[in-house]
Amino acid sequence: MKSYQTNSINNLHKISVAPMMDCTDKHFRMIMRKISSKALLYTEMIVVQSLIYTDKKEKFLNFNSEERPLSIQFGGDDPKMLKEAAKIAQDWGYDEINFNVGCPSPRVCSGNFGASLMKEPKKVAKCIESLKNNCTLPVTIKHRIGVDQEYSFEKLNSFVKEVANAGADRFIVHARKAILKGLNPKQNRTIPPLKYDVVKELKTMNPELLIEINGGFTNIDQCINALNDFDGVMIGRSAYKHPLIWSEIDQKIYKENNKIKSASEVIFSLIPYIENHLKNKGNSWDICKHLINLVENIPKAKIWRNKVSNKSKQKEFNIDYLIKITSELREMGY
Ligand SMILES: Cc1cc2nc3c(=O)[nH]c(=O)nc-3n(C[C@H](O)[C@H](O)[C@H](O)COP(=O)(O)O)c2cc1C
């Protein structure tokens, strides 16, 4: 078997924003990029079959260069299709490829990919090899600590070793099991307990591998603490629902000197982008549905959010209106 070099410092990303279907589209990623110039961002999961067979590839693949560093996440189980997908990702300008072995959705698992693949380490290794052999990008994997109750630590450890041998450059471990029968995807993100100690043990047993922790992080101090044990922290729901909580990533994690942005500063920095989207006949709600999460925990936040939502849903939203109500936010100091 070909031997790959892992653990390159280039693949180290201390903080990332998790791939989330229907959330981490290019508009949300632009918002996050204005909040942190450093965090690694991920696309939503793209099913490789859909990507290969569509003649509208740009629908899946388009992004703004400002979003980089950007990882594209693939779901699939066919090395031949992954080979094509790897080439496409590289040609399109993505910074790395992530392979999804953590999604517990029955629809995904019935196609025999996502979390159910944790039961088939050899197949996953073939998929990783196929991605690695067909591009020069780092190839990473996102997985759980196991699937179903009987999955042991030994199984997890040998899964990771097998996938590392196939060339995976980084492991992002959602620190809970996926229960494939009986729990829906949402329950699978809350009911199986978070076990950071299992991921810590994995890192201890495999110090040469880059291992990131994911699951349940809600503030920056928790992440700083976790970085003592892990190579990176991935934030999901909290970044989506409360993006501004994460406004100190650059300063506190990456020791950058740039200024921490307020809600109005983030929105003002997005004005040219939003203007361009509207000019190209883009739907305002595509962006506003994410933007409203920026304004919370301040006086009149709900009123601000309702104004944006109503105007957008009634198709009366325009850039002057956004500037007007965001100036009001700024005048209040937010
Ligand atoms: C709405 C939603 C969609 C998600 N979609 C994906 C996905 O496409 N790919 C993936 O690997 N994980 C997906 N996840 C899981 C997250 O990436 C993450 O692993 C999980 O939410 C745990 O992290 P958190 O506690 O910080 O949210 C999704 C989670 C949510 C809430």
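Residues numbered from 1 in each chain as written. Predicted model: local features only at pLDDT ≥ 70, side-chain atom pairs only at ≥ 80, totals over all residues.

Every one of the 23 residues lining the ligand counts as a neighbour, but Ala18, Met20, Met45, Gly236 and Arg237 are closest to it. Sorting the residues of the shell around the ligand by element identifies strand E2 (40–47) and helix H10 (237–241) as the ones contributing at least two each. For the shell around the ligand, a count of residues per class yields 9 nonpolar, 9 polar and 5 charged. (Near = placed C-beta within 6 Å. Helix = DSSP H or I, 4+ residues; strand = E, 2+ residues; numbered from the N terminus. Nonpolar A, V, L, I, M, F, W, Y, C, P; charged D, E, K, R; others polar.)

For the rest of this paragraph, the subject is unusual backbone geometry. Residue arginine 68 is joined to proline 69 through a cis peptide bond whose omega torsion reads 5°. Here proline 69 lies in the loop between helix H3 (57–61) and strand E3 (70–75). Positive phi, normally seen in glycine, also occurs at aspartate 148, with a value near 65°. You can see aspartate 148 is positioned in the loop between strand E5 (139–144) and helix H7 (153–165). Given 16 C-beta atoms within 10 Å, aspartate 148 falls into the partly exposed group. One non-glycine residue, lysine 300, adopts positive backbone phi at about 65°. In this fold, lysine 300 is placed in the loop between helix H13 (284–291) and helix H14 (301–313). Its 14 C-beta neighbours within 10 Å are what place lysine 300 among the partly exposed residues. (Buried ≥ 20, exposed ≤ 12 C-beta atoms within 10 Å, placed from the backbone.)

Moving on, we get to the packing of H7 against helix H8 (residues 196–205). Orientation of H7 relative to H8, taken along the N-to-C sense of each, is 50°, at an axis distance of 11 Å. As judged from the angle between their axes, H7 and H8 are oblique. In this structure, H7 crosses over H8, and the sense of that crossing is right-handed. Residue-level inspection shows Phe153, Leu156, Asn157 and Val160 of H7 in contact with H8, the latter providing Val198, Glu201, Leu202 and Met205. The residue inventory of the contact of H7 with H8, partitioned by class, reads 6 nonpolar, 1 polar and 1 charged. (Axes fitted to C-alpha atoms, helices over the stretch in contact; angles between N-to-C directions. Parallel < 35°, antiparallel > 145°, perpendicular 65-115°, else oblique. Left-handed = near helix turned anticlockwise from the far one by under 90°. Contact = placed C-beta atoms within 7 Å.)

In this model, helix H15 (residues 319–331) (13 residues) spans 18 Å end to end at C-alpha, consistent with the 18 Å of a helix rising 1.5 Å per residue. For H15, the set of buried residues is Leu322, Thr326 and Leu329. Take H15 and look down its axis: the buried residues cluster within an arc of 40°, on one side only. The exposed set on the far side of H15, more than 90 degrees from its buried face, consists of Asp320, Lys324 and Glu331. Against helix H12 (263–279) and H14 lie the buried residues of H15. Backbone geometry just after H15 places glycine 333 at a positive phi near 95°. (Expected span 1.5 Å × (residues − 1). Arc of directions from axis to C-beta.)

Below, the discussion takes up the sheet that holds E3. What the 8 strands build is a closed barrel, ordered E1-E2-E3-E4-E5-E6-E7-E8; its pairing is parallel. Sheet twist, expressed as the average angle between the axes of neighbouring strands with direction ignored, equals 25°. Sheet topology note: the strand E4 (residues 96–101)/E5 ladder contains 5 bridges and is parallel. Looking across to E5, one finds that phenylalanine 99 is bridged to isoleucine 141. The strands touched by H8 within the sheet are strand E6 (170–174) and strand E7 (211–214), with E7 carrying the most contacts at an inclination of about 175°. (Pairing = 2+ DSSP bridges.)

Here we take up the domain arrangement of the protein chain. When the domains of the protein chain are assigned, the result is domain 1 (9–253) and domain 2 (263–331). With centres defined by C-alpha atoms, the gap from domain 1 to domain 2 works out at 30 Å. Elements that contribute at least two residues to the side of domain 1 that touches domain 2 include exactly helix H1 (26–35) and H10. Looking at which element gives the most residues to the side of domain 1 that touches domain 2, the answer is H1, with 6 residues. Looking at the side of domain 1 that touches domain 2 residue by residue, the classes come out as 7 nonpolar, 2 polar and 2 charged. (Domains from an automatic or database assignment.)

This part is about the nonpolar core. Formed by 86 residues in total, the largest nonpolar core has its most connected members in Ile31, Ile97, Phe99, Ile128, Val163, Val173 and Ile235. For this core, the element with the highest residue contribution is E2, accounting for 6 residues. Three or more residues apiece are contributed to this core by two domains, here domain 1 (9–253) and domain 2 (263–331). In contact with isoleucine 31, other than residues within four places in its own chain, are Pro243, Val266, Leu270, His290, Leu291 and Leu294. (Core = buried A, V, L, I, M, F, W, Y, C linked by C-beta atoms within 7 Å.)

Time to look at the pairing of strand E8 (residues 232–235). Alternating residues of E8 divide into Gly232 and Met234 and Val233 and Ile235, and every residue in both groups is buried. Relative to E8, strand E1 (residues 15–17) runs parallel, the two being bridged by 3 bridges. For isoleucine 15, the partnering residue across the bridge sits in E8 and is valine 233. Strand direction decides the pairing type here: E7 and E8, joined by 3 bridges, are parallel. Note that in E8 the partner of asparagine 214 across the bridge is methionine 234.

Below, the discussion takes up the packing of H1 against H13. Orientation of H1 relative to H13, taken along the N-to-C sense of each, is 45°, at an axis distance of 9 Å. Considered as vectors, H1 and H13 are oriented oblique to each other. For the crossing formed where H1 meets H13, the hand is right-handed. Residues His27, Phe28 and Ile31 of H1 pack against Asp286, Ile287, His290 and Leu291 of H13. Considered class by class, the residues forming the contact of H1 with H13 number 4 nonpolar, 2 polar and 1 charged.

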